[in-house]
Amino acid sequence: MDTQTMKLEENKTQKTQRITGKEAVIKCMLAEGVDVLYGYPGGAIMPVYDELYKYQDKIHHVLTRHEQGATHAAQGYARATGKVGVAMATSGPGATNLITGIADAMIDSTPMVCITGQVAYHLLGSDAFQETDIIGISTPVTKWNFQVTKAEDIPEVMAKAFYIAKSGRPGPVLVDITKNAQNEELDFNYKKCTAVRSYKPVPTIDNDKVAEAAKLINAAKKPMIVWGQGVILGKAEDELKELVEKTGIPAAWTILGASALPTEHRLNVGMVGMHGNYAPNIMTNECDVLIAIGMRFDDRVTGDLNTYAKQAKVIHFEIDPAEVDKNVKTAVAVLGNSKDTLAAVLPLLKENKHEDWHNRFKELYQVEYDKIIKDDITPTKEGLTMGEVLEGINTCSKGDAIIVSDVGQHQMIACRYAKFNQTKSNITSGGLGTMGFALPAAIGAKMGAVDRPVVAIIGDGGYQMTIQELGTIFQTKVPVKIVVLNNEFLGMVRQWQQLFFDRRYASTEMTNPDFVTIAKGYSIEAQKVSKREDLAQAIETMMKHEGPYFLEVMVEKEDCVFPMIPSGACVSDIRLE
């Protein structure tokens, strides 16, 4: 008997129970293996919270200090574990406060289920207190959403929600449940969803396309791989490693793909994109075959599409057909889950080394090292740099920490210099670029990866967007390490103003509070560093501390992150200064 048949037989033998809709919501989550839930209670979702009170020993509810924090925490949990993150809020402002996190999860393909309460069915459309059309609002930023108005629909809708969120290319799903549906009774019998009519999450692999791809790769003289988060989501890390080692092809990554291949792997040539490494950006326009794996050719990776890799034959391994030929024209598209498609192509590939081609990457890396990296990580200037802070963290973590970064200069520095030995180690807001992401996401990441150190790297601007989540840390005692790289500016915007707006620093300078005192007010151990001689010891103290810890590092105010491809420019126009 196959697995699917066994599951069907198991479902048939389940007993039907007469329960309320609110209890059904909890039982559905338990059936899907939910053990952590992030949320904020309110009137329209109060029946579910009342029921949740009875299940405290089975589902750990984390009271965040803002609904946006709940979604980011759920994202961090999902990204660190590969499971579905779950967030819950009330109607009206509670629901709308989820939207930023939902949009972030949508563009970054993060599996998440959001549950919102709604006014009673008979009040819909009457402008009742805290009534908002969250279905209409969330439609553009969810993979699927649904409003439940009858208790009897809860099991089927919840099962479908979890299936859609985690299958194929993952994404966020929202289930809006009216108050009457929460209180009504139903005959409960939960069946996990395994298929949805007209929804095909994973395309069937075309073996002819696999053969075409292999032929191009085998014939290539100057091939290059660019991989993205699709490798991590598809659990294809081993296949990627086998591919690069068998073929000897230099491999670069997008920021969401970081950590799928260890940073120190000899064929890992660095990050592509606006603030990526010099060599892979330059060589994008010199390679003869570009092999894209689980990435979507975002504009921050490609720059000017009219000049992007025009000399190369592009092979695209991708699970989502909508991404193929959307931005970059492909010679061969191999559709399917990356683990399966890479496994299919591997036996057809010839062993190779491409030593001369790889040496070219090494030469360009040396140019970048001499011009930028050396001064970033072992600076001679008086002020501290963000790069040396990351190097200090690498020394203590040995590359085993999960780094959760916010958005801005510190994010690019963290992605450039953090060392990763294992997958699911780089958690950041990629496509949406959400300031305020890191602090709550680090909470979720640590709860999902309890045995790994989790370090949040945040700028002084983004930190204050969700600083209230220190209250969540205070209440839960989750031992995250928080590093604020304080340059007293909205650093990335300031960099653009310096380079492209004649140093007119319009509304980017920050007058900040005493961050250390604030942290201590939440009973979080904290210190501030402004001198190089104190940095190493401060980082070591933070990393060894058993509980949560806050470290503020005062860094150079007007440092810029290089290399940099100006917005809309060609990747070959990457600037080193």
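Bear in mind the structure is a predicted one, so any value in this text is a computation, not a measurement. (Residues numbered from 1 in each chain as written. Predicted model: local features only at pLDDT ≥ 70, side-chain atom pairs only at ≥ 80, totals over all residues. Heavy atoms only, no water.)

Draft legend 1. Structural context of the overall build of the chain. Summing up its helical and strand segments, the chain has 24 helices and 20 strands in all. Here the chain has a C-alpha radius of gyration of 24 Å; the compact-globule value for 577 residues is 25 Å, and the two agree. Principal axes of the C-alpha set define a box for the chain whose edges measure 70 × 60 × 40 Å. Out of the 577 residues belonging to the chain, those deemed buried represent 59%. In the chain, 77% of the contacts between residues at least 6 apart in sequence involve partners at least 24 apart. The chain carries 61 positive and 72 negative side-chain charges, and their two centres are separated by 3 Å. (Helix = DSSP H or I, 4+ residues; strand = E, 2+ residues; numbered from the N terminus. Rg over C-alpha atoms; globule rule 2.2 N^0.38 Å. Buried < 20%, exposed > 50% of the residue type's maximum accessible area, 1.4 Å probe, protein only. Contact = heavy atoms within 4.5 Å. Lys, Arg positive; Asp, Glu negative; His and termini not counted. Charge placed at Lys NZ, Arg CZ, Asp CG, Glu CD.)

Draft legend 2. Spotlight on the packing of aromatic side chains. Taken as a whole and assessed by the stated rule, the structure comprises eleven aromatic pairs. Ring geometry for Y463 and F515: centres 5.4 Å apart, planes at 75°, overall edge-to-face. Taken together, the residues span a long stretch of sequence, with Y463 in helix 20 (residues 460-463) and F515 in helix 23 (residues 515-521) at a distance of 52 residues. Each member of the pair Y463 and F515 is classed as buried. Members of the aromatic cluster, joined through ring pairs, are Y463, F515 and F550. (Phe/Tyr/Trp six-rings, centres within 6.5 Å; stacked < 30°, edge-to-face > 60°.)

Draft legend 3. Geometry of the pattern of salt bridges. Under the definition given, this model contains 23 salt bridges. Between K150 and E152 there is a salt bridge, with its nearest N and O atoms 3.9 Å apart. Using a relative accessible area of 40% as the deciding quantity, one classes K150 as partly exposed. Across the salt bridge formed by R504 and D502, the nearest N and O atoms sit 3.4 Å from each other. Sharing partners across several salt bridges, the network here consists of R169, D320, E323 and K326. (Salt bridge = Lys/Arg side-chain N within 4 Å of Asp/Glu carboxyl O.)

Draft legend 4. Structural detail: the nonpolar core. Among the nonpolar cores identified, the biggest contains 100 residues, and L240, L290 and I293 are the most heavily contacted of them. Sorting elements by how many residues they give to this core places helix 16 (residues 355-377) first, with six residues. Ignoring any residue separated from it by four or fewer positions in sequence, one finds L240 in contact with I225, W227, V231, A260, L261, I293 and L342. (Core = buried A, V, L, I, M, F, W, Y, C linked by side-chain atoms within 4.5 Å.)

Draft legend 5. Structural context of the packing of helix 4 (residues 67-81) against helix 6 (residues 99-107). Between helix 4 and helix 6, the least distance of the axes is 7 Å, while the angle of their chain directions is 25°. Here helix 4 lies roughly parallel to helix 6, going by the angle between them. Across the interface between the two elements, Q68, T71, H72 and Q75 of helix 4 pack against T100, G101, D104 and A105 of helix 6. Classifying every residue of the contact of helix 4 with helix 6 by side-chain character gives one nonpolar, six polar and one charged. (Axes fitted to C-alpha atoms, helices over the stretch in contact; angles between N-to-C directions. Parallel < 35°, antiparallel > 145°, perpendicular 65-115°, else oblique. Nonpolar A, V, L, I, M, F, W, Y, C, P; charged D, E, K, R; others polar.)

Draft legend 6. Focus on the state of the cysteines. Per the stated rule, a full pass over the model turns up zero disulfides. A disulfide-free cysteine, C287 has its sulfur positioned 12 Å from the sulfur of C570, the nearest such atom. A residue is classified by how much of its surface remains accessible, and C287, at 0% relative accessible area, is buried. With no disulfide of its own, C415 lies closest to C560 among cysteine sulfurs, the gap being 18 Å. (Disulfide = S-S within 2.5 Å.)

Draft legend 7. A look at the pairing of strand 8 (residues 185-188). Only one face of strand 8 is buried, namely the one carrying L186 and F188, since none of E185 and D187 on the opposite face is buried. One ladder, built from four bridges, connects strand 1 (residues 17-20) with strand 8; its direction is antiparallel. Within strand 8, the position partnered with R18 by the bridge is D187. (Pairing = 2+ DSSP bridges.)

Draft legend 8. How the structure looks around the sheet that holds strand 12 (residues 289-293). Here six strands make up an open sheet; going across it, the order is 11-10-9-12-13-14 and the pairing parallel. With one partner strand each, in any of the chains shown, strand 11 (268-271) and strand 14 (332-335) form the two edges of the open sheet. The average angle at which neighbouring strand axes cross in this sheet is 20°, direction not considered. With three bridges connecting them, strand 10 (residues 251-253) and strand 11 associate as parallel partners. Bridge pairing in strand 11 links A251 to N268.

Draft legend 9. Expanded view of the sheet that holds strand 20 (residues 549-554). Spatially, the six strands line up as an open sheet ordered 16-15-17-18-20-19, and their pairing is parallel. Looking at strand neighbours, the two that pair on one side only are strand 16 (426-428) and strand 19 (525-529), the edges of this open sheet. Strand-to-strand twist of the sheet, defined as the mean angle between neighbouring strand axes without regard to direction, takes the value 15°. Strand contacts of helix 24 (residues 532-544): strand 17 (454-459), strand 18 (481-486), strand 19 and strand 20, with the helix running at about 160° to strand 20, the strand carrying the most contacts.

Draft legend 10. Structural detail: the confidence of the model for the chain. For the chain, per-residue confidence averages 96 on the pLDDT scale, and residues scoring 70 or more make up 98% of the total. Low pLDDT (under 50) marks residues 8-13, which in the prediction has five contacts with non-local residues, meaning those over four places away or in another chain. (pLDDT = per-residue confidence, 0-100.)

Draft legend 11. Region of interest: the side chain of Q497. Looking at the element boundaries, Q497 is found in helix 22 (residues 491-500). A relative accessible area of 8% means that Q497 is categorised as buried. Once residues lying within four places of it in the same chain are set aside, the contact partners of Q497 are D502, R503, R504, Y505, A506 and T508.

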